[in-house]
Amino acid sequence: MAGIEHLKEFSKPALRGLVDATVEAKTPTFADRFLPDDEIYSTTFAYDIIKKSNHIAAMIGYGAEPPVIDRDAVASRMGELAKMGLKYIATEEELLALNQARSNREKSAMVERLVAKGVDLVQALQKRVDVAKIEAIARGEFEYNKNQVKVKFDYGIPNEHKIALSAGNDWTDAERDVIGDLLDWNDRYVDANGKQADVILLTREIQALLLKNAVIVNEARGADSGSVRVSVDELNTVLGGYGLPPVQVVTERKITVRDVYTGEDETIEFYPKNRVVFVAEGLGNFVYGPTVETNYQPGIDLRAYDKFEPIQSVLRVAAAGFPIGEAPSLLLHADVFTE
C-alpha cells in the first residue's frame, strides 16, 4: 500500500526529531514553574499514585486504542488513565492526492500538510498536559469524566488553606479590607510552610475588583484624592509595600477544544474566575512515565503507519503522564466572590 509510512518525513527518526523540536518550541506556562516535567520508569506509577477512584488528547487506559473506549481488561485500573493519546487519519482521498501529485512541489506541499498534522497532535497532547497542571494548581484536584470513565483525584490541600468568602461579605464590596485579607492568608501560608508563596495568582476579574477597591485607592493616592481607580503598577506597588508575594494575573482561564468523541466544541474552564491562589516552587512535578510506544522510556511518541482495511494512513501521538503534588500545603485557595 502506498501510504505515508514509507516516506522519509514519517520515518521514526524524522518523527522523533519533529517531537523534540515541538517540545523545544513550546512556550512555558506559569504552571510549568510549579509542576515542572520529570520522568519515572515505573510502569504502574499512576496506579500507585491514585489507587482509586479533549481537541485535547483523550486520556485512555493502557491497551486501549486512542481515542477508543477503555477495554474491560484495564477498566479496573483507573490509575492508568495517565495514558494520553490522539490520532489523525489521512483519508483515502488525501492518499490519492498525495500519490497522484502532478509535480514534486505539489507532493511536497501535501507531505508538509501531513507533517503539520503531526505537530498539531503533539501540541494537542501538550495542551492536555498544560490543563492537567493548571487544574492541579488552581483546583487542587484532577477530574476526568468521559468515554464511560470517571475519575476524580484530590491532591489534599489542607482545609485551612481552602477559604471562601460569603456573598455580601467579599471582594465585590469596594470598601472591603482586601489588604487585610491577603496579609492574613499570607501569615497562614507562612505558618504552614515556614516561607512565603513565590507568587499570588489571580484572574483579570479579581484584578479589576482590586483596582477599584477603596483601601487600595487610598493607599496609593491618599484618602482625599477623589480617585476611584488605580493603575496596575500602583496596585502592585501597594501590595509589594506590605511585603506580600508578587501578583501574577492568569490571562487564560479556559480553552475551547473539539471533543474527540462527539465532534462538538466544548469549553474547559481550568481556573475559576473568583479564585486567588498562593503557590510556591516545590509543589511537585508532572511525571512522564514509560509506554510501549517509547520502548518503555518516558516521553512523547509520534508515529505513522498504514492500514489496509479500511485503507488509511494514521498519525498517532501517545504519552503517559500525571501531575504529582508532593507538598499540598504549598497551595492556598481563596474564593473572593461568589460566581
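Up top is the structure these notes are about.
Residues numbered from 1 in each chain as written. Predicted model: local features only at pLDDT ≥ 70, side-chain atom pairs only at ≥ 80, totals over all residues. Heavy atoms only, no water.

## Quick word on the pairing of strand β15 (residues 312-325)
Burial analysis of β15 places 13 of its 14 residues in the buried class, the great majority of the element. Judged from the eight bridges that link them, strand β3 (residues 83-90) and β15 form a sheet pairing that is antiparallel. Each bridged residue has a counterpart across the sheet, and for tyrosine 88 the counterpart in β15 is leucine 315. Both strand β12 (residues 284-291) and β15 contribute to a ladder of six bridges, which runs antiparallel. Of the residues in β15, the one forming a bridge with glycine 289 is alanine 320. Relative to β15, strand β14 (residues 301-307) runs antiparallel, the two sharing seven bridges. Directly across from lysine 307, in β15, lies its bridge partner glutamine 312. Here β14 folds back onto β15 in antiparallel fashion, the turn holding four residues. (Buried < 20%, exposed > 50% of the residue type's maximum accessible area, 1.4 Å probe, protein only. Helix = DSSP H or I, 4+ residues; strand = E, 2+ residues; numbered from the N terminus. Pairing = 2+ DSSP bridges.)

## Side note on the sheet that holds strand β8 (residues 247-250)
Pairing between the strands of a sheet is mediated by backbone hydrogen bonds and can be parallel or antiparallel. In space, the five strands of this open sheet follow the order β6-β16-β11-β7-β8, with mixed pairing throughout. The open sheet has two edge strands, β6 (162-164) and β8, and neither has a second partner. Ignoring strand direction, the axes of neighbouring strands in this sheet form an average angle of 20 degrees. Both strand β7 (residues 199-203) and strand β11 (residues 275-279) contribute to a ladder of three bridges, which runs antiparallel. Note that in β11 the partner of isoleucine 200 across the bridge is phenylalanine 278. Running at roughly 95 degrees to β7, helix α8 (residues 204-211) makes contact with β7, β8 and β11 of the sheet. (Axes fitted to C-alpha atoms, helices over the stretch in contact; angles between N-to-C directions. Contact = heavy atoms within 4.5 Å.)

## Details of the pairing of β11
Burial runs high along β11: five of the five residues are buried. Pairing between β11 and strand β16 (residues 331-335): five bridges, direction antiparallel. Of the residues in β16, the one forming a bridge with valine 277 is histidine 333.

## Considerations on the pattern of salt bridges
Pairing is possible between side chains of opposite charge, provided their charged atoms come close. For the structure on display, the rule yields 17 salt bridges. Salt-bridge contacts for aspartate 181 lead to arginine 176; the nearest nitrogen and oxygen are separated by 2.8 Å. Assessed through its relative accessible area of 15%, arginine 176 is described here as buried. A salt bridge links arginine 221 to glutamate 234; its shortest N-O distance comes to 2.9 Å. Highlighted residues: arginine 221 in helix α9 (residues 214-221) and glutamate 234 in helix α10 (residues 232-241), separated in sequence by 13 residues. (Salt bridge = Lys/Arg side-chain N within 4 Å of Asp/Glu carboxyl O.)

## Topic: α10
Turning to α10, its buried residues are Leu235, Val238 and Leu239. The arc that holds the buried residues of α10, viewed along the axis, is 95 degrees, so those residues lie on one side. Turned more than 90 degrees off the buried face of α10, the exposed positions are Asp233, Thr237 and Gly241. Backbone geometry just downstream of α10 places glycine 243 in the positive-phi region, at approximately 75 degrees. (Arc of directions from axis to C-beta.)

## Quick word on the nonpolar core
Core analysis: the largest hydrophobic core is formed by 55 residues, its most contacted members being Ile137, Trp171 and Trp185. Leaving out residues up to four positions away in the same chain, isoleucine 137 has contacts with Phe30, Ala31, Phe34, Leu35, Leu201, Val277, Val279, Leu283, Leu331 and His333. Residues Leu18, Leu86, Leu95 and Val317 belong to the second largest nonpolar core, which totals 29 residues. (Core = buried A, V, L, I, M, F, W, Y, C linked by side-chain atoms within 4.5 Å.)

## Here's the deal with the side chain of aspartate 130
Looking at the element boundaries, aspartate 130 is found in helix α6 (residues 104-138). When its relative accessible area of 14% is taken as the criterion, aspartate 130 is described as buried. Among the polar contacts made by the side chain of aspartate 130, one reaches the side chain of lysine 26 at a distance of 3.1 Å. Beyond its immediate stretch of four places on either side in the chain, aspartate 130 contacts Lys26, Thr29 and Asp32. (Polar contact = N/O pair within 3.5 Å; in protein donor to acceptor, adjacent residues only side chain to side chain.)

## Considering the packing of aromatic side chains
Summed over the entire model, instances satisfying the criterion amount to three aromatic pairs. Note on tryptophan 171 and tryptophan 185: the rings are 5.8 Å apart at their centroids and 20 degrees apart in plane angle, and the pair reads as stacked. With a gap of 14 residues between them, tryptophan 171 in the loop between β6 and α7 (178-193) and tryptophan 185 in helix α7 connect regions that are remote in the sequence. Like tryptophan 185, tryptophan 171 is buried. Aromatic pair tyrosine 189 and phenylalanine 278: ring centres 6.2 Å apart, planes at 35 degrees, arrangement tilted. Taken together, the positions of tyrosine 189 in helix α7 and phenylalanine 278 in strand β11 put the pair 89 residues apart, joining distant regions of the chain. Using a relative accessible area of 0% as the deciding quantity, one classes tyrosine 189 as buried. (Phe/Tyr/Trp six-rings, centres within 6.5 Å; stacked < 30°, edge-to-face > 60°.)

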